[in-house]
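# Coordinate analysis (summary)
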Amino acid sequence: MTTILEKSLGAVAKSGSTPLNDVIGYAEPLHAKGLSFMDSPGYDPCSATGQIASGANLIVFTTGRGSVFGAKPAPSIKVASNARLANWMDEDMDIDASPVLTGTSLAEVGEVIFQKMLDVASGELSKSEALGIGDNEFVPWQVGAYL
């Protein structure tokens, strides 16, 4: 990647083909059903907090470097974008999406992600919830693998 433009084009490519139905400010409530875009910081904790303040009840995001974000009241499902991260932080990554890089179809990995969303929405704990990340009493140094 040589420019911020290339990074932005990658983000656009990941958005899919669903029509954009609304653009909202940071932490504003949603006004339309379907895909909405929030003008927010890109930093995981700030971005996800704004989404939760807008009414999101489940957060799913990819990470390539190992964000340990988790928040209540909305469970966070973390998708590792590479095998090294998925193995290194297996206790906190819910899904390993790296098989896409070795031939598994995007649709197959998408189905895994969708099924995990259904499972967590039905009461299964996400890994960050199981670790207590997002609890008021969570102390970061209790999870020694992240130091």
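In what follows, the structure referred to is the one given above.
Rules behind the numbers
Residues numbered from 1 in each chain as written. Predicted model: local features only at pLDDT ≥ 70, side-chain atom pairs only at ≥ 80, totals over all residues. Heavy atoms only, no water. Salt bridge = Lys/Arg side-chain N within 4 Å of Asp/Glu carboxyl O. Helix = DSSP H or I, 4+ residues; strand = E, 2+ residues; numbered from the N terminus. Buried < 20%, exposed > 50% of the residue type's maximum accessible area, 1.4 Å probe, protein only. Lys, Arg positive; Asp, Glu negative; His and termini not counted. Polar contact = N/O pair within 3.5 Å; in protein donor to acceptor, adjacent residues only side chain to side chain. Contact = heavy atoms within 4.5 Å.

## Comments concerning the pattern of salt bridges
Taken as a whole, this structure holds 2 salt bridges when the rule is applied. One salt bridge connects Asp-92 with Lys-78, and the closest N-O pair in it is separated by 3.2 Å. Here Lys-78 lies in strand β4 (residues 76-80) and Asp-92 lies in the loop between α3 (83-88) and β5 (95-96), a separation of 14 residues in the sequence. Accessibility classification places Asp-92 together with Lys-78 in one group, the buried group. One salt bridge in this structure joins Lys-116 and Glu-124, with 2.6 Å as the shortest N-O distance.

## Regarding unusual backbone geometry
The linkage connecting Lys-72 with the following residue, Pro-73, adopts the cis geometry, with an omega of 15°. As for its placement among the helices and strands, Pro-73 is situated in the loop between β3 (59-63) and β4.

## Section: the side chain of Asp-94
With respect to the helices, strands and loops of the structure, Asp-94 is situated in the loop between α3 and β5. For the buried residue Asp-94, which engages in no salt bridge, the nearest side chain bearing the opposite charge is Lys-78, 5.0 Å off. There is a polar contact of 2.9 Å between the side chain of Asp-94 and the backbone nitrogen of Lys-78. Here Lys-127 takes part through its backbone nitrogen, which lies 2.8 Å from a polar atom of the side chain of Asp-94. Other than its neighbours up to four places away in sequence, Asp-94 contacts Ser-76, Ile-77, Lys-78, Lys-116, Ser-126 and Lys-127.

Fair warning: the whole summary comes from geometry, so function is off the table for now.
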